[in-house]
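Residues per chain are reported as follows:
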Amino acid sequence: MARSVIDPVSRIEGHLRVEMEVSGGKVTDAWVTGGLFRGMELILQNREPADAAMIAQRICGVCPISHAHAACFAGEGAYGITLENGARLVRNILEGSQFLHSHILWFYNLTGLDYVDPTNALSANVADTYDLANAAGTGNSDFAAVKKHLESFIKNGQLSIFSGNWFSRDTFNLPPELDLIATAHYLEALQYQAKASQISGLLGGKMPHIMTSIPGGTTYVPTVEKIDDALMRAIEIRDWVANTLIPDTLAIGPYYTEALGFGKGPGRYAAWGVFNSPSQKPNERYLPAGVIDGKFKLHDVDESLITEYTGHSYYKTESNLNPRHGLTDPEFPEGGRDLEGKYTWCKAPRYDGKPYEAGPLSRMLVAYMRGVPEIVKLIDSTTKTLGVGIHDLESVLGRIVARNLECLYIANLEVEWLTELGKAAADPSTKYFTEPAHETGEGAGMWEAPRGALYHFERIKNNEIQDYQIIIPTTWNISPRDADGVKGPMEQALIGCPVDDVEKPINALRVVHSFDPCVACAVHVNEPATGKHFEVVTNPWGVK
Ligand code: NFE
């Protein structure tokens, strides 16, 4: 038995520590620790719902739009109103542009380097690289120029993020030509992320942290010129995702089929649904709401079944409260971090008392089981091409396939929504805002961020926030054990993961990155009035 630790996990946002027991070349136990300290919900006390839509976005620079929208939906629930169609479209487009940025970033720049070795690209034959790109149906680049740049980076010792770190050559499987293609597209991906954020900026005023989504609708007034600017970018992104990101996924996947064999989480999937259709019903969203239980049966979402356990987290708060009655009361334990006791700032959300995975795999499986035609087509054709079944997607490679297919689905929709908004903008009867029906009430915004199911709840009195609670996607995935000792989804997914070298647990990193964790989002601690807890967090592991 040996101990393997990844701390900090790099290429994510925030500070995450993964500690594993390894026996016989496999992970036999795992503890996932969120090590970041944050304050948010108390900041929202006594403010207006419109403030929450602005302030809550500051949780994260990667998924601020989802927080704006979940806060808006919570506010609209409290106000007793639903969105006008113009506002529905603007929100879908803003949310879509953020998803596209996030998904492209994740595949190429965050998890890509777990599979692609840019240094190996130096051995590529450029002519063969063009042949391979054409055979794979993926985008051509100036492969000779990229190779030359790589050579000069390496010669000058400037490899930086591309340096091999602790991953030796035998942990990578791609031929040099495919490494060169993927490295060229790594660089191209940066431009397409920028285009996606430009769409967010055009409709949202700026990015990150948009200015135009407020409870009741949007303050954005569509004009033909701005919609054309956004549409041009959306078409470029759609074409690049279809003709580069998807063929790259299908070209790289077969070299890592072993990643189909590990990384399964709890086998339960939750999605609150995202991108409203005209009905605005969660089950009819473009990515609908639903939960899949341990027997792979689909159910409607029941908010009352959500609870948060805190026995292994740095809180005094009572356990198993529904977030409508949730409290957050941080307390770092005297003895420091303890794997038998409290070992993370992350609470343990449970649905019907059980851990559930959140994220694109959950959304795509729910959409598939709800029979969304485009999703059924995408999943069936991809599993056929890869020669796998639907349950093989419950794996590391499955999460990659699910996120990238979802990226294509959203890229197509983004173009459709912008085209629709262009028509709506030309119609003077289109409405973008609804006044509150009342100013005392409560509402939950159950929505999705790129990383999964997102929940904001607020209770207001005379337009003033009395209570606010947030449960964020990564909190579901990196949650610790619960009262029954049942591990969180990422902890479960790590069990059985092959680790040949405890000092270089590349497959464990692949598991972790497959969830695209964001600890800035996941860990939420209310700042106590005294500020006392800042002292303890300077030494969060209790290291002497
Ligand atoms: Ni900081 Fe976030 C997303 C949210 S965390 S990125 O997506 O909410 O899971």
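It should be emphasised that the depicted structure is a prediction, and the values quoted were computed from it without experimental measurement. (Residues numbered from 1 in each chain as written. Predicted model: local features only at pLDDT ≥ 70, side-chain atom pairs only at ≥ 80, totals over all residues. Heavy atoms only, no water.)

## Some remarks on the confidence of the model for the protein chain
Heads up, the rule is: For every residue, the predictor reports its confidence as pLDDT, a number between 0 and 100. Whether two residues are in contact is decided by their heavy atoms: any pair within 4.5 Å suffices.
On average, residues of the protein chain carry a pLDDT of 91, and 93% of them reach 70 or more. Note that residues 524–544 has pLDDT below 50 and, in this model, 48 contacts with residues that lie over four places away or in other chains.

## What to know about the coordination of the nickel atom of the ligand
What counts, and what does not: Only nitrogen, oxygen and sulfur atoms qualify as donors, and only when within 2.8 Å of the metal (3.2 Å in the case of Na, K and Ca); with water excluded, sites may look incomplete. Geometry is assigned from the angles between donors: four donors with all angles from 85 to 135 degrees make a tetrahedral site, four or six donors whose opposite pairs exceed 155 degrees while the rest stay between 65 and 115 make square planar or octahedral sites respectively, and everything else is labelled irregular. In this description a helix means any DSSP run of H or I spanning at least four residues, a strand means any run of E spanning at least two, and both kinds are numbered starting from the N terminus. Using a 1.4 Å probe on the protein chains alone, a residue whose accessible area is under 20% of its type maximum counts as buried, one over 50% counts as exposed, and one in between counts as partly exposed.
The protein atoms that coordinate the nickel atom of the ligand are C60 (SG), C518 (SG) and C521 (SG), at distances spanning 2.1 to 2.5 Å. Taken together, the 4 donor atoms coordinating the nickel atom of the ligand span angles of 93 to 122° at the metal, a pattern that classifies the geometry as tetrahedral. The distance between the nickel atom of the ligand and the iron atom of the ligand is 3.3 Å, with C521 acting as a donor to both metals. With C60 in the loop between α1 (49–55) and α2 (64–79) and C521 in helix α14 (residues 519–522), the pair connects residues that are 461 residues apart, well separated along the chain. Residue C521 is classed as buried on the basis of its relative accessible area of 2%.

## Notes on the sheet that holds strand β3 (residues 26–34)
To be explicit about the condition: Should DSSP find at least two bridges between two strands, the strands are taken to pair. Where helices are involved, their axes are fitted lines through C-alpha atoms of the stretch in contact, as for all axes, and angles between N-to-C directions lie from 0 to 180°.
The 3 strands lie next to each other as β1-β2-β3, forming an open sheet whose pairing is antiparallel. Unpaired on one side and paired on the other, β1 (2–6) and β3 mark the two borders of the sheet. Strand-to-strand twist of the sheet, defined as the mean angle between neighbouring strand axes without regard to direction, takes the value 20°. The pairing of strand β2 (residues 16–23) with β3 spans 8 bridges and is classified as antiparallel. Among the inter-strand pairings, E21 is bridged to a residue of β3, identified as D29.

## Focus on the nonpolar core
The following threshold applies: The definition of a nonpolar core used throughout is a set of buried Ala, Val, Leu, Ile, Met, Phe, Trp, Tyr and Cys residues joined through side-chain atoms within 4.5 Å.
Grouped together as the largest cluster of nonpolar side chains are 139 residues, with contacts concentrated most on L16, I104, V241 and L494. The leading source of residues in this core is helix α10 (residues 396–425), at 17 residues. Those residues in contact with V241 that sit more than four places away from it in its chain are I104, I246, P247, C407, L408 and A411. Listed in part, the 13 residues of the second largest apolar core include W272, Y351, Y356 and Y455.

## Describing the sheet that holds strand β6 (residues 269–271)
If you walk across this open sheet you meet the 3 strands as β6-β7-β8, and the pairing is antiparallel. The sheet terminates laterally at β6 and β8 (298–299), the two strands that pair on one side only. Pairing of strand β7 (residues 290–292) with β8 involves 2 bridges; the strand directions are antiparallel. Its bridge partner being in β8, V291 is matched across the sheet by H299. Helix α8 (residues 360–369) contacts β6, β7 and β8 of the sheet and is inclined by roughly 85° relative to β6.

## A few points about the packing of aromatic side chains
Operational definition: Pairing of aromatic side chains requires ring centres within 6.5 Å, counting the rings of Phe and Tyr and the six-membered ring of Trp. Pairs whose planes differ by under 30 degrees are stacked, by over 60 edge-to-face, and all others tilted. Remark: a charge is flagged as sitting over a ring if the NZ atom of Lys or the CZ atom of Arg is within 6 Å of the ring centre and within 35 degrees of the ring normal.
Per the stated rule, a full pass over the model turns up 17 aromatic pairs. Judged by centre distance (4.6 Å) and plane angle (10°), the rings of Y192 and W240 are stacked. With a gap of 48 residues between them, Y192 in helix α6 (residues 176–204) and W240 in helix α7 (residues 224–252) connect regions that are remote in the sequence. Residues Y192 and W240 agree in their burial class; the two are buried. Cluster of aromatic residues (ring-pair linked, three or more members): W106, F107, Y108, Y192 and W240. The ring of Y315 carries the charged tip of K347 above its face, separated from the ring centre by 5.4 Å. Across from the ring centre of F515, 3.9 Å away, lies the NZ or CZ of R399, which sits over that ring.

## Observations concerning the site of the ligand
Note the following rule: Note on terminology: near, applied to a residue and a molecule or strand, indicates that one of the residue's heavy atoms is within 4 Å of it. Whenever two N or O atoms come within 3.5 Å, that pair is a polar contact, provided that in protein one can donate a hydrogen and the other can accept it, and provided that, for residues adjacent in sequence, both atoms are side-chain atoms. Each residue gets one label: Ala, Val, Leu, Ile, Met, Phe, Trp, Tyr, Cys and Pro are nonpolar, Asp, Glu, Lys and Arg are charged, and the others, such as Gly, are polar.
Taken together, 13 residues form the shell around the ligand, and within it C60, C63, T474, C518 and C521 come nearest. Side-chain polar atom of H67 to an oxygen atom of the ligand: 3.0 Å apart, as the coordinates give it. Residues belonging to the shell around the ligand are distributed by class as follows: 9 nonpolar, 2 polar and 2 charged.

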